[in-house]
Amino acid sequence: MSGPRAPEPGAPLLRHRFPARAVELRSVREAVRREALGQGCAPECAADIVMAVDEACQNIIRHAYAGRGDGEIVLEIERAGEDLVVSLRDFAPPVDPSRVRPRDLDDVRPGGLGTHLIRECMDGADFAPAPPGGGNLLRMRKRISSGQEKR
Amino acid sequence: MKHTVREEAGVVVAALSGDVDLESSPRARELLLGLVRDGRSVLVDLSGVGYIDSSGVASLIEAFQLARRAGTGFALVSPTPSALRVLQLARLDRVFTIHATLADAL
């Protein structure tokens, strides 16, 4: 990485770099759930974020890295006002965002549900321009819902 | 993920529990496809499933479609709220037969 490193007022709440392997996803889910609940998400809201992160990681593992076992994923969660912003960075060859689309649900078949679930669970999910050094950067946004006011 | 298989009233009941995720869903897939291939009607008890992802749901779809081609029964029983939510988001609550309780299914 190059360029000036200004102080970061918006340092991420959570930053986790992990091997792009299925066996890692359980602890990733637990970390995301803990952070989302800690930021005031109701359990249902936290569960939606957990599902979206899990499905997005699966897409990276299965498609971007195409099953290669040596890739890595960097997960960051930031707070932006009343939203949680989740970023997933990989170092795989660039994916064509137009090919990452939810499929027609009337066509009942085993694969291709993950992207649909991400879009259902989050308020926004888009690939950011390719980060320096290559790879892919997916940004997802979710409005924090506490479910009910506590006071 | 853990699983048990038992027989009740002539039907095979496969109970999955824990997390059915990218790591464990290949085992769920093999289990369910094997049971369907045996030619029996299969009930998949989801009451112990804390989390199921798209790969787990894909295993259910694959077994369901194999059973349909074979003309044998295949249904889901007592999905937890989180499992039911995934099925609903995938619009599969209208595809699968889903029973609230095992007693309803038998």
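Residues numbered from 1 in each chain as written. Chains lettered and ligands numbered in written order. Predicted model: local features only at pLDDT ≥ 70, side-chain atom pairs only at ≥ 80, totals over all residues.

So, the overall build of chain A
So, point 1. What chain A contains, in helices and strands, is three helices and five strands.
So, point 2. Computed over its C-alpha atoms, the radius of gyration of chain A comes to 16 Å, within 12% of the 15 Å expected for a compact globule of 151 residues.
So, point 3. On the principal axes, the C-alpha backbone points of chain A span a range of 50 × 50 × 30 Å.
So, point 4. Among the 151 residues that make up chain A, the fraction classed as buried is 30%. (Helix = DSSP H or I, 4+ residues; strand = E, 2+ residues; numbered from the N terminus. Rg over C-alpha atoms; globule rule 2.2 N^0.38 Å. Buried ≥ 20, exposed ≤ 12 C-beta atoms within 10 Å, placed from the backbone.)

Here's the deal with the sheet that holds strand β3 (residues 42–52) of chain B
Residue and element names in this part refer to chain B.
So, point 1. Ordered in space as β1-β2-β3-β4-β5, the five strands form an open sheet in which the pairing is mixed. Strands with a single pairing partner mark the edges of an open sheet, and in this sheet they are β1 (2–8) and β5 (98–99).
So, point 2. Sheet analysis places β3 next to strand β4 (residues 74–77), joined by four bridges and oriented parallel. Across the sheet, the residue bridging to Val-42 is Phe-74, located in β4. (Pairing = 2+ DSSP bridges.)

What to know about helix α2 (residues 54–70) of chain B
Residues and elements named next belong to chain B.
So, point 1. Between the first and last C-alpha of α2 there are 24 Å, a value that for 17 residues agrees with the 24 Å anticipated at 1.5 Å per step.
So, point 2. Ser-54, Ser-55, Gly-56, Val-57, Ala-58, Ser-59, Leu-60, Ile-61, Ala-63, Phe-64 and Ala-67 are the residues of α2 that are buried.
So, point 3. With its phi angle positive at about 75°, Gly-71 sits one or two positions after the end of α2. (Expected span 1.5 Å × (residues − 1).)

Some thoughts on the pairing of β3(B)
The side chains of a regular strand alternate between both faces of the sheet.
Residue and element names in this part refer to chain B.
So, point 1. For β3, the buried fraction is high: eight of the eleven residues fall into the buried class.
So, point 2. Across eight bridges, strand β2 (residues 11–20) lies against β3 in parallel orientation. Its bridge partner lying in β3, Ala-15 is registered against Asp-45.
So, point 3. Taking the sense of rotation as the criterion, the β-α-β connection linking β3, α2 and β4 turns out right-handed. (Right-handed = clockwise from strand over helix to strand, strands pointing away.)

A closer look at the confidence of the model for chain A
So, point 1. Looking at chain A as a whole, the pLDDT averages 88, with 91% of positions reaching at least 70.
So, point 2. In the predicted structure, residues 1–7 of chain A sits below a pLDDT of 50 and forms one contact with residues beyond four places in sequence or in another chain. (pLDDT = per-residue confidence, 0-100. Contact = placed C-beta atoms within 7 Å.)

With respect to the sheet that holds strand β1 (residues 14–19) of chain A
Residue and element names in this part refer to chain A.
So, point 1. Ordered in space as β1-β2-β3-β5-β4, the five strands form an open sheet in which the pairing is antiparallel. Looking at which strands have only one partner, the edges of the open sheet turn out to be β1 and β4 (124–128). The average angle at which neighbouring strand axes cross in this sheet is 15°, direction not considered.
So, point 2. By the bridge criterion, eight bridges tie strand β2 (residues 72–80) to strand β3 (residues 83–90) in an arrangement that is antiparallel. Along β3, the bridge assignment pairs Arg-79 with Leu-84.
So, point 3. Contacting β2, β3 and β5 (136–143), helix α2 (residues 43–64) runs over the sheet at an angle of about 15° to β3. (Axes fitted to C-alpha atoms, helices over the stretch in contact; angles between N-to-C directions.)

A short note on the interface of chain A and chain B
So, point 1. Chain A puts 18 residues into the contact, and the matching count from chain B is 16 residues.
So, point 2. For the side of chain A that touches chain B, the secondary-structure elements that each account for two or more residues are α1 (25–38), α2 and α3 (114–121) of chain A.
So, point 3. Looking at the side of chain A that touches chain B, its residues break down into nine nonpolar, four polar and five charged. (Nonpolar A, V, L, I, M, F, W, Y, C, P; charged D, E, K, R; others polar.)

Examining the environment of Ala70(B)
Residues and elements named next belong to chain B.
So, point 1. Take Ala-70: it is sitting in helix α2.
So, point 2. In this structure, the C-alpha to C-alpha distance between Ala-70 and Arg-40, residues 30 residues apart in sequence, is 9.7 Å.
So, point 3. Ala-70 has contacts with Val-36 and Gly-39, leaving out every residue within four places of it along the chain.

Quick notes on the pairing of β1(B)
All names here are of chain B.
So, point 1. Sparse coverage of β1 is indicated by the burial of zero of its seven residues.
So, point 2. Note: β1 against β2, seven bridges, orientation antiparallel. Opposite Glu-8, over in β2, you have Val-11 as the bridge partner.

Notes on helix α1 (residues 25–37) of chain B
Structurally, the α-helix is built with 3.6 residues per turn, so residues lying three or four positions apart point the same way.
Residues and elements named next belong to chain B.
So, point 1. Counted at 1.5 Å a residue, the expected span for α1 with its 13 residues is 18 Å, and the 18 Å between its end C-alpha atoms agrees.
So, point 2. Considered for burial, the residues of α1 that qualify are Ser-25, Ala-28, Leu-32, Leu-35 and Val-36. Buried residues along α1 cover an arc of 100° about the axis, so they all sit on one side. Away from the buried face of α1 by more than 90 degrees, exposed residues Pro-26 and Glu-30 are located.
So, point 3. Buried positions along α1 lie against β1, β2, β3, α2 and β4.
So, point 4. Trailing α1 by a residue or two, Gly-39 shows a phi angle of about 90°, which is positive. (Arc of directions from axis to C-beta.)

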